[in-house]
Amino acid sequence: MDYLIGLDIGTTAIKGALMSVGGKVLNTVSGGYNYYGENNQKLLNPAEFLDVCFSVIKKLTDALEKDDRVLAVCSCCASGNLILLDKNSQPITPIIGSLVG
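Engineer: Would you mind showing me how to read the pairing of strand S1 (residues 2–9) here?
Structural biologist: Regular strands place their side chains on alternate faces of the sheet. Residues Tyr 3, Ile 5, Leu 7 and Ile 9 of S1 are buried on one face, while the alternating residues Asp 2, Leu 4, Gly 6 and Asp 8, pointing to the opposite face, are not. Sheet analysis places S1 next to strand S5 (residues 69–77), joined by 8 bridges and oriented parallel. In the sheet register, Ile 9 faces S5, and the bridge partner there is Cys 77. Here S1 runs beside strand S2 (residues 13–20); their pairing, made up of 7 bridges, is antiparallel. Note that in S2 the partner of Leu 7 across the bridge is Gly 16.

Engineer: Just to check I follow, could you spell out the nonpolar core for this structure?
Structural biologist: Soluble globular proteins: nonpolar side chains tend toward being buried together. Membership of the largest hydrophobic core comes to 14 residues, with the highest contact counts inside it found for Leu 7, Ile 14, Tyr 33, Val 56 and Leu 60. Those elements that provide at least two residues to this core are S1, S2 and helix H1 (46–61). Residues within four places of Val 56 in sequence aside, it is in contact with Leu 7, Ile 14, Gly 16, Val 29, Ser 30 and Gly 31.

Engineer: Before we go on, may I ask you to explain the sheet that holds S5 in this structure?
Structural biologist: Strands belonging to one sheet form pairs held by backbone hydrogen bonds; the direction of such a pair is parallel or antiparallel. Strand order across the open sheet formed by 4 strands is S3-S2-S1-S5, with mixed pairing between neighbours. Pairing within the sheet leaves two strands with one partner each, and these edge strands are strand S3 (25–32) and S5. Direction aside, the axes of adjacent strands within the sheet are offset by 15° on average. Where S2 and S3 come together, 7 bridges link them in antiparallel fashion. Its bridge partner lying in S3, Ala 13 is registered against Gly 32. Sheet strands touched by H1: S1, S2, S3 and S5. Its angle to S3, the strand with the most contacts, is close to 155°.

Rules behind the numbers
Residues numbered from 1 in each chain as written. Predicted model: local features only at pLDDT ≥ 70, side-chain atom pairs only at ≥ 80, totals over all residues. Heavy atoms only, no water. Buried < 20%, exposed > 50% of the residue type's maximum accessible area, 1.4 Å probe, protein only. Helix = DSSP H or I, 4+ residues; strand = E, 2+ residues; numbered from the N terminus. Pairing = 2+ DSSP bridges. Core = buried A, V, L, I, M, F, W, Y, C linked by side-chain atoms within 4.5 Å. Contact = heavy atoms within 4.5 Å. Axes fitted to C-alpha atoms, helices over the stretch in contact; angles between N-to-C directions.

Shown next, in the form of structure tokens:
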């Protein structure tokens, strides 16, 4: 069978859903991450963020059969965050989120 994955990149967690191409939701998973920082900064380790993303996707697809295919992965989020990369597209800063008030 063919499947689709949707990811909601939230402020404190990534929520994921696996569904058939016909729209039937087969599995949902959530994975959280921790911010750190001082002086109202909201920072997130890029490696931790990627680990959570890939963990959610893996948990969503664990029950799939060998011949099953994920045709697309789509993500959405409410706001952007800043991360600076070097010339090799590697992170040189933490993910900088909105200020905590």
